[in-house]
Amino acid sequence: MHISNERYFADRLRHDLALRMIHHEARTCTIRTCTGLTDDRIRRLYQTYATHMPAVPMRRHRGKSPRQIAFFTRNPRIQFEASLLAGLFVAFGLINAVRNGADPLGYGSLFCDVYETHVLLSGSRAVSFEHAWFLLHLLAKNVGLGLLRCRHCGAHFLDDRTTVLKRGCPACRLKALPRRQLRHAPVLLPQVRPHTRSLPSAVRLSA
Ligand SMILES: [Zn+2]
């Protein structure tokens, strides 16, 4: 009976995480990595989710996962959000969890916490769940993107490691935009306060 209960709760955790990831339009391969569920079970969960949550628009992404590093620096808004995500990854201990080979079920759940926090703070899903997942693994491998210091405000932000341009941070560039262009910029919430020196500029901006 004890073993049966253990199995039930482990299975329940896997299904709960899979449904949470389906809600964020995660790809099947990402869900499989975190939950260990088979593609067939994930496909049936998609169908169940769509049946029980008809009011929630959901797309099932197919094809290749995101792999363009340039996506994260394509404009100040995306770069701001990527910097904010990087700060949250550090604050939640996710980068070290990936590097240390933590239990995928555990860090998959933590990743959902981070992504949901990011959506609340930024008010945007311009960086999709799958792009955020790609960003986490880039940062864990320490390739492609690195921290730079803004020459205007002194804060740190994510940028292409190979760039030779001395640009300001995305927040400084967003502030310099005409007001009409800020309509599509992320929300800079004044209540976000830094609590660690390792957070990048995006998190520190509003302090
Ligand atoms: Zn700056």
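Here, the structure is the one placed above.
Attention here is on the structure that accompanies the text. (Residues numbered from 1 in each chain as written. Predicted model: local features only at pLDDT ≥ 70, side-chain atom pairs only at ≥ 80, totals over all residues.)

Side note on the packing of helix α4 (residues 76-91) against helix α7 (residues 129-141)
Working step 1: As a packed pair, α4 and α7 sit with axes 10 Å apart at the nearest point and diverge in direction by 60°. By the angle class used here, α4 and α7 are oblique. Our pair here, α4 against α7, has a crossing hand that is right-handed. Along its contact with α4, which presents Ala-82, Leu-85, Ala-86 and Phe-89, the element α7 presents Ala-132, Leu-135, Leu-136 and Leu-139.
Working step 2: When its residues are assigned to classes, the contact of α4 with α7 shows 8 nonpolar, no polar and no charged. (Axes fitted to C-alpha atoms, helices over the stretch in contact; angles between N-to-C directions. Helix = DSSP H or I, 4+ residues; strand = E, 2+ residues; numbered from the N terminus. Parallel < 35°, antiparallel > 145°, perpendicular 65-115°, else oblique. Left-handed = near helix turned anticlockwise from the far one by under 90°. Contact = placed C-beta atoms within 7 Å. Nonpolar A, V, L, I, M, F, W, Y, C, P; charged D, E, K, R; others polar.)

Quick word on the packing of α4 against helix α6 (residues 104-122)
Working step 1: Between α4 and α6, whose axes approach to 10 Å, the crossing angle comes to 135°. As judged from the angle between their axes, α4 and α6 are oblique. As α4 packs across α6, the resulting crossing turns out to be right-handed. The residues of α6 that touch α4, namely those facing Glu-81, Leu-84, Leu-85, Leu-88 and Phe-89, are Val-114, Thr-117, His-118, Leu-121 and Ser-122.
Working step 2: For the contact of α4 with α6, the class distribution of residues is 6 nonpolar, 3 polar and 1 charged.

Some details on the environment of Ala-97
Working step 1: By secondary structure assignment, the location of Ala-97 is in helix α5 (residues 94-99).
Working step 2: C-alpha separation for the pair Ala-97 and Tyr-107, spaced 10 residues apart in sequence, amounts to 6.8 Å.
Working step 3: Residues in contact with Ala-97, not counting those within four places in the same chain, are Ala-102, Tyr-107 and Leu-110.

Remarks on the nonpolar core
Working step 1: Membership of the largest hydrophobic core comes to 39 residues, with the highest contact counts inside it found for Leu-85, Phe-89, Ala-132, Leu-135 and Leu-136.
Working step 2: Excluding residues within four positions of it along the chain, Leu-85 makes contact with His-118, Val-127, Ala-132 and Leu-135. (Core = buried A, V, L, I, M, F, W, Y, C linked by C-beta atoms within 7 Å. Buried ≥ 20, exposed ≤ 12 C-beta atoms within 10 Å, placed from the backbone.)

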